[in-house]
Every structure is written in C-alpha cells, then in structure tokens.
Amino acid sequence: MVNVAILGYGVVGSGVAEVLTENNGQIDRKAEEDIRLKYILDVREFPQSPFADKFVHDFAIIENDPEVDVVVETIGGARVAKEFTERALKAGKSVVTSNKELVAEHGYDLLRLAEEHGVSYLFEASVGGGIPIIRPLNQCLAANEIEEIVGILNGTTNYILTRMIRAGLSFEAALKEAQQNGYAEQNPTADIEGHDACRKICILSALAFGRHVYPAQVSTEGISHITLADVAYADACGRKIKLLGRAIRLEGGKICVYVAPHLVDGEDPLSGVEDVFNAITVRGNAVGDVMFYGRGAGKRPTASAVVADVVDAAKHRKTKKYLHWDQGDPELVVSPEGLESAWYVRMNASIEGVRAALGEISALARPGAPAGEVAFLTGPMTAGALAEKLAGLGTPASQIRVLDKNH
Ligand code: HSE
C-alpha cells in the first residue's frame, strides 16, 4: 500500500484527486501497488466534495504520519510550497509537483535534499501540462548532446493569441476565457509577461545542459504589446505569432536562453499549435528533431502528468529514482543579443526611407492600415544592428524576431 497526500485543492490538486480515484485500477496495475489517497491539505473546507473525509488543515499531520509515502505539492508559488516540500523530503517522503516556479528557482537544492534523504522529487507536470517531456528529455534522449530546445510553453498566451487570430477577440476577452478554463496562473501577469514560459525553459535547460538555470538569467518578453495589426501582417507573410521559450547550445559551452514572441513560418509545425496546446521541439545531435505536443494546461491534463509521477515514485520506493543537475553558474547563460535573425518591424516611416536604411526588405500590407504605417521583414541581423540602422527613422511600434531554427 502506498499512501498519498495532496497539498492544495485548487485546479490541479482537485484534478489529481479525481484522476487517482477514477483510474484507480489502471494506476494500481502500473504501480504494482495499491495507491490510496489518504489526505488532502487545504486551508478551506469542502463539505460537498466526494473527498470531504480526507481534508486536514495542519501539514504536521501529513509530515508525522509514517504511512504517507508520496506528497503531491500543488500549492504553487515558492514560499509555503518550498517549506512543505523541504519538510516532506526530510521526513522521508517522495514529493511530486506541478510547481514550475519552485523547481525553476530552487530545483537544484530540492533535488539534492531529496537525494540526501533517499527519496524522489519529480516534476513531469511542471512543463507542458500533460505532455511527457521531462522524462523523455532525461531518459529517452540521454544519448544526445542537446543542441536546441524551442517551444510553445504557455497555454494561456497561446490560447489568447489563437482566439485573437481566429475569432478577432480582444486580448482581455481571450484572457477571461483562459481564466474560466482554469489555464491561467492566479496572477495572469506571469503568463502574459512570459515569466511562466521562462520558468519552464529554465527547467528544460537544466535537464538538457546539466546545470541550474535561474529565471533571473533569462531575457523574458511577453505578448502584452502584440496587436491585431501585428497578427494581420504576420498572416500576410504566411506566419503566426507565437510566444516561444528557446535554449540554444553555443560554441564554448555557454547557452543562449530566452523567451520572446516570434513569427513562425506556416511550414513549421509550431505554427499550427493552437488554443491551450503546447509543443516543444528538441534537437539532439544523434536523433535530430523530436517534437512533443499536447495540452499544456488545465485540470485533468496536468493531473495526468502528476499521477504518472506518483506511480513512478511508488514504483521506486525501494530502488530510488533521482533526477539530477549541477549548481548554476552566473557565466553560463547569454542573452539573445548576439543572435542574428530576420525581424518583423511595424513603424511610421516611408518605405523608401526603410529601404535606404536596411537595403533589401520585404514590404507587407494589410487591409485598413493607417497612412504612414509600414511593416516589413528584414534580412538576418542582430537586434543591435537593426536598432542602429533604424535609428534615423524613428522607434518601431512593434519588432518581433522571425524564428530561424538554423540561427
Ligand atoms: N498558466 C500555465 C499555462 C499553466 O497557461 O500554461 C500550466 O503551467
């Protein structure tokens, strides 16, 4: 018998309770153990819940119960969640989480703590919701030097961009829908400004390149400045605007890691990833490109990944399952400033002036463009070179990198 305690009965925690109970037979078969939900910790009361008899309000009950083997942390944030995770690991319990903030900020310390206490710290659900990505990256692709990871890592922003493109919805209306569907963070700024995608690319980078990557090391730009005009111009050149997290191995052992909106070519499978779906392309030096696709947020998809980790933790009670990466290094991560690419630019200027400044460009058109507005795609150059060339013409209203996977 393996006893499980869930910390936090929010969207994900309640999904975990549901999936554990509904799919109990299948889960027990896979784990080769009886897995039983023993406690749910929450500050609130849920008298109508089918799990009403499992609720406790004091973490010490779980911490001090020797029957609890696996603790599922779905509280979120990096404060209370960190304290309870540390206490659970020290008490000899494996911890499973969907908490990307905690893993991105403190993963290195928590993995070490788990190893010291002979238990597992697992976080498949922290990246890509229901998509299996942590385990494949760590195990199935272990033979490769990872050269690049690029992906749509935030369901809320992908949902917003899709609804703007497909239904012409305003940014605010699309965000409201994402919140109603349980995709958005408690404070959706983390989604919209790219912080959530940043935490996820940090976790993938740490697994791929073997050292902790801190969110503060990663240049992060969100989608709050994207307008329907940009969406229309992207469409005019057969591309889609997508918020991407990207990590590239550079010569000399450094990595370039960043989050930013990109124009993605219609031929690239990432351009067809819509709504709450996430997709991650990993390029290994032996395997080439591998792509992972699925629902990146939401109650049951995320619970699916959490429960898979519960099964793994249960199976490895005796033979221990460790994930590992080394300490971070302030010199490891470089910004995308040196990365050349084509750029999409929208600004008020004359197209002749733009051509004189930049040489060959491809001009773009959209119906209803106001007088004086120009939009174009440049040739490959760094952001700094673009700014220098455009300096005499004014500041772009919008400037978005065009994804070129051969950077
Ligand atoms: N807010 C996150 C998203 C939840 O929209 O992707 C899943 O991590």
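Note that the structure is a prediction, hence the values are computed from the model and not measured.

How each quantity is defined
Residues numbered from 1 in each chain as written. Predicted model: local features only at pLDDT ≥ 70, side-chain atom pairs only at ≥ 80, totals over all residues. Heavy atoms only, no water. Helix = DSSP H or I, 4+ residues; strand = E, 2+ residues; numbered from the N terminus. Rg over C-alpha atoms; globule rule 2.2 N^0.38 Å. Buried < 20%, exposed > 50% of the residue type's maximum accessible area, 1.4 Å probe, protein only. Pairing = 2+ DSSP bridges. Contact = heavy atoms within 4.5 Å. Axes fitted to C-alpha atoms, helices over the stretch in contact; angles between N-to-C directions. Core = buried A, V, L, I, M, F, W, Y, C linked by side-chain atoms within 4.5 Å. Domains from an automatic or database assignment. Buried area = accessible area lost by both parts, 1.4 Å probe. Salt bridge = Lys/Arg side-chain N within 4 Å of Asp/Glu carboxyl O. Near = heavy atom within 4 Å. Polar contact = N/O pair within 3.5 Å; in protein donor to acceptor, adjacent residues only side chain to side chain. Nonpolar A, V, L, I, M, F, W, Y, C, P; charged D, E, K, R; others polar.

On a plain count of helices and strands, the chain comes out with 14 helices and 17 strands. Taking 2.2 N^0.38 as the reference for a compact globule, 407 residues should give roughly 22 Å; the C-alpha atoms of the chain span a radius of gyration of 23 Å, in line with that estimate. Seen through its C-alpha atoms, the chain measures out along the principal axes to roughly 75 × 50 × 35 Å. Per-residue burial for the chain yields a buried fraction of 55% across its 407 residues.

Attention now goes to the sheet that holds strand E6 (residues 121–122). Overall, parallel pairing links the six strands, which are arranged E3-E2-E1-E4-E5-E6 in an open sheet. Whereas interior strands pair on both sides, the edge strands pair on one side only; in this sheet they are strand E3 (55–56) and E6. Of the pairings in the sheet, the one linking strand E1 (residues 2–7) to strand E2 (residues 35–41) comprises six bridges and is parallel in character. Paired with Val 4 across the two strands is Leu 37, which belongs to E2. Sitting on the sheet, helix H12 (residues 299–315) touches E1, E2, strand E4 (68–73), strand E5 (94–97) and E6, and the angle it makes with E5 is about 165°.

Let us now look at unusual backbone geometry. Notably, Glu 32 is not glycine yet its phi reads approximately 55°, a positive angle. Secondary-structure assignment places Glu 32 in the loop between helix H2 (24–31) and E2. A positive phi angle, close to 55°, is found at Asp 275, a residue other than glycine. Looking at where Asp 275 falls in the secondary structure, it is placed in the loop between strand E10 (255–265) and strand E11 (277–284). Overall, Asp 275 belongs to the partly exposed group, its relative accessible area being 31%.

Let us look at the nonpolar core. Inside soluble globular proteins, nonpolar side chains tend to come together where they are buried. Among the nonpolar cores identified, the biggest contains 110 residues, and Ile 35 and Ile 62 are the most heavily contacted of them. The element best represented in this core is helix H10 (residues 195–209), accounting for ten residues. Every residue in contact with Ile 35, bar those within four places of it in the chain, is listed here: Val 2, Val 4, Leu 20, Asn 24, Ile 27, Asp 28, Val 310, Val 311 and Ala 314. Counting residues in each nonpolar core, the second largest holds twelve residues, with Met 347, Ala 349, Val 354 and Val 374 among its members.

Moving on to the pairing of strand E12 (residues 288–295). Where E11 meets E12, eight bridges bridge the pair, whose relative direction is antiparallel. Its bridge partner being in E12, Arg 283 is matched across the sheet by Asp 289. Counting the residues in the hairpin turn of E11 and E12 gives three residues.

We now examine the domain arrangement of the chain. Size of an interface, as often reported, equals the accessible area lost when the parts are brought together. Domain annotation for the chain reports domain 1 (2–130 + 299–315), domain 2 (140–295) and domain 3 (340–402). On a C-alpha basis, the centroid separation for the pair domain 2 and domain 3 is 24 Å. With 14 residues of domain 2 at the contact, the number on the domain 3 side is 13 residues. When domain 2 packs against domain 3, close to 1200 Å² is buried across both sides, 65% of that on carbon and sulfur atoms.

All right, on to the pattern of salt bridges then. Across all of its chains, the model carries 27 salt bridges by this definition. Between Asp 69 and Arg 317 there is a salt bridge, with the nearest N and O atoms lying 3.4 Å from each other. Residue Asp 69 is found in strand E4, and its partner Arg 317 is found in the loop between H12 and strand E13 (333–334); the two are separated by 248 residues along the sequence. Each of the salt bridges in this network shares a partner with another, and the network as a whole consists of Glu 18, Glu 22, Lys 299 and Arg 300.

Neighbouring residues of the ligand: Lys 100, Asn 154, Gly 155, Thr 156, Tyr 183, Ala 184, Glu 185, Asp 191, Asp 196, Lys 200, Gly 296 and Ala 297. At 2.6 Å from an oxygen atom of the ligand is found a side-chain nitrogen or oxygen belonging to Lys 100. Within the side chain of Thr 156, an N or O atom sits 2.6 Å from an oxygen atom of the ligand. Elements supplying a minimum of two residues to the shell around the ligand: helix H7 (155–167) and H10. A class-by-class count of the residues in the shell around the ligand yields three nonpolar, four polar and five charged.

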